[in-house]
Amino acid sequence: MATLPNQQEKLSLDTFLRGLWEENPVFVMLLGMCPVLAVTNSTMNAIAMGLATTFVLVASSTLISLIRKLIPKQVRIASYIVIIASFVTVVDYVIQAISLDLYNALGAFIQLIVANCVILGRAEAYASKQRLHTTFINSLGMGAGFTLALLALGTVREVLGNGTLLGLQVMPTNFEPWVVMILPPGGFFVLGAWLLLFAYVRRRRELRLLEQEGASGAA
Amino acid sequence: MSTPTSTPGHPTATPQTPGFRMIRTLGGIAMLAGLLVVVVFQWTAPYIAENQRIAIEKAVFQVVPGASQRVDVVLGEAGVLAVGDAAGETVYAAFDDQGELRGLAVAAGAQGYQDIVKLLYGYDPSCQCVRGIKILKMTETPGLGDKVAFDPAFLDNFVALDASLNPAGDALANPIKAVKHGHKQHDWEVDAISGATISSVAVANAIDRSMQRMAPLIQRHLAALRDTAALGNSGGVE
């Protein structure tokens, strides 16, 4: 991606914002698709999953960045997975302690955060090379970007598929819910639509930049 | 961390053996991880136990209408047994303020779409029917199968679901079973949710299997169950 290996990034606003837009884990890097498609059929699930993933992402990235010089590169993946898995277990217990209903709603997907490639990807591509504070800010941004993406899917799917938003009726009562939206295919439809929108906006921006450059070059 | 410039297969000369470093790092991380998990487990365990206790408590009073106290009893072939006896099954006897037995809450489970659906149902011995259900644990598809937990039309099936005994008194007169949405004709049938048939069938099967065994036992030992009111209130026999 934008950061070159072996290059220590300077902390800037961009460190945080990159995860939200330019390198959004879902819409741009297309990572962690399993929870994106699976738990976004309601807004509440999307928020809970996003926050849980963000916590694991920030905690594991920070720890990995802290001990990055101690990890021999032959065993780095094993080390990352053990660290990530411990934090996932922590989240698992904490969610059970907060609310059993929420825990039941998220089902197996809490444990599956271990296999979320956003987290391992961040550990390998960023945390293992960058300093502590930039890693913390960057993973926070990535987590926020991931949560936003889940929310973008979750709200659309819940409104269209169930006529509700966070459990409250928002569609007129004569609205027939599009059940397909809360089924797995609906996840693909909505994800496809968002990807299309993201790609379109990015393309237009690039074209505009090119035009501006062309205009200034001609002048 | 600057990546070593060595090419794979040609380890650079390091003061320590790479093997030792690897073992040390992995061992250290594993110990740290274990410590973290144990600390969090210890810290959250009482909260989780409390949540589960509240969930069961709420569920018992939800599935037995009119109840205000509960006594945990173990019911087996020999009657009401001591708590912890493996020969029987735990049931929650629910009494009202006057100490009248209003019903019994029984836990049941059956294979659903993805995993076992665990639920608690309330059996009313006076009408020989199921008075309510509460799903305790499931991993049914959110938005579809999980509707068995809260869909009002589906839960209406369990307001007075017939579970009367056959003349011999050793099984149900009519097995409780799920039928396709809109095809419910008898009191012992469960009208399935359209689009969540497998989950609906799981709920019906769980109740049927448990009732086939428990309803005859409960009817046979009804007097003993009524007497358990004296054993205590709300907290039950611990």
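Residues numbered from 1 in each chain as written. Chains lettered and ligands numbered in written order. Predicted model: local features only at pLDDT ≥ 70, side-chain atom pairs only at ≥ 80, totals over all residues. Heavy atoms only, no water.

Let us look at the pairing of strand E1 (residues 69-76) of chain B. Residues and elements named next belong to chain B. Of all 8 residues making up E1, 8 are buried, and the element is well covered by its neighbours. Judged by which residues are buried, E1 turns out to be covered on both faces: Gln69, Val71, Val73 and Leu75 on one side and Arg70, Asp72, Val74 and Gly76 on the other are all buried. Sheet analysis places E1 next to strand E3 (residues 89-95), joined by 7 bridges and oriented antiparallel. Within the sheet, the bridge partner assigned to Leu75 lies in E3 and is Glu89. The pairing of E1 with strand E2 (residues 79-81) spans 3 bridges and is classified as antiparallel. Bridge pairing in E2 links Val74 to Leu81. The turn linking E1 back onto E2 is made up of 2 residues. (Buried < 20%, exposed > 50% of the residue type's maximum accessible area, 1.4 Å probe, protein only. Helix = DSSP H or I, 4+ residues; strand = E, 2+ residues; numbered from the N terminus. Pairing = 2+ DSSP bridges.)

For the rest of this paragraph, the subject is the packing of aromatic side chains. Residue and element names in this part refer to chain A. What the rule picks out here adds up to 5 aromatic pairs over all chains. With a centroid separation of 4.6 Å and an interplanar angle of 40 degrees, the aromatic rings of Phe27 and Phe198 are classed as tilted. Remark: Phe198 occurs in helix H8 (residues 184-218) and Phe27 occurs in the loop between helix H1 (13-20) and helix H2 (33-38); sequence separation between them is 171 residues. Taking relative accessible area as the criterion, Phe27 reaches 9% and is therefore assigned buried. (Phe/Tyr/Trp six-rings, centres within 6.5 Å; stacked < 30°, edge-to-face > 60°.)

What follows is about the interface of chain B and chain A. Frequently, the measure chosen for interface size is the accessible area removed from exposure when the parts meet. Taken together, the contacts link 29 residues of chain B with 36 residues of chain A. Between chain B and chain A lies a buried interface of about 2,700 Å² when both sides are counted; carbon and sulfur atoms form 71% of it. At the boundary of chain B and chain A, one finds 0 salt bridges. Scanning the region where chain B abuts chain A turns up 4 residue pairs in polar contact (both at pLDDT 80 or more). Taken together, the elements giving at least two residues each to the side of chain B that touches chain A come down to helix H1 (18-63) and strand E6 (129-137) of chain B. Here the side of chain B that touches chain A is built from residues that sort into 19 nonpolar, 8 polar and 2 charged. (Contact = heavy atoms within 4.5 Å. Buried area = accessible area lost by both parts, 1.4 Å probe. Salt bridge = Lys/Arg side-chain N within 4 Å of Asp/Glu carboxyl O. Polar contact = N/O pair within 3.5 Å; in protein donor to acceptor, adjacent residues only side chain to side chain. Nonpolar A, V, L, I, M, F, W, Y, C, P; charged D, E, K, R; others polar.)

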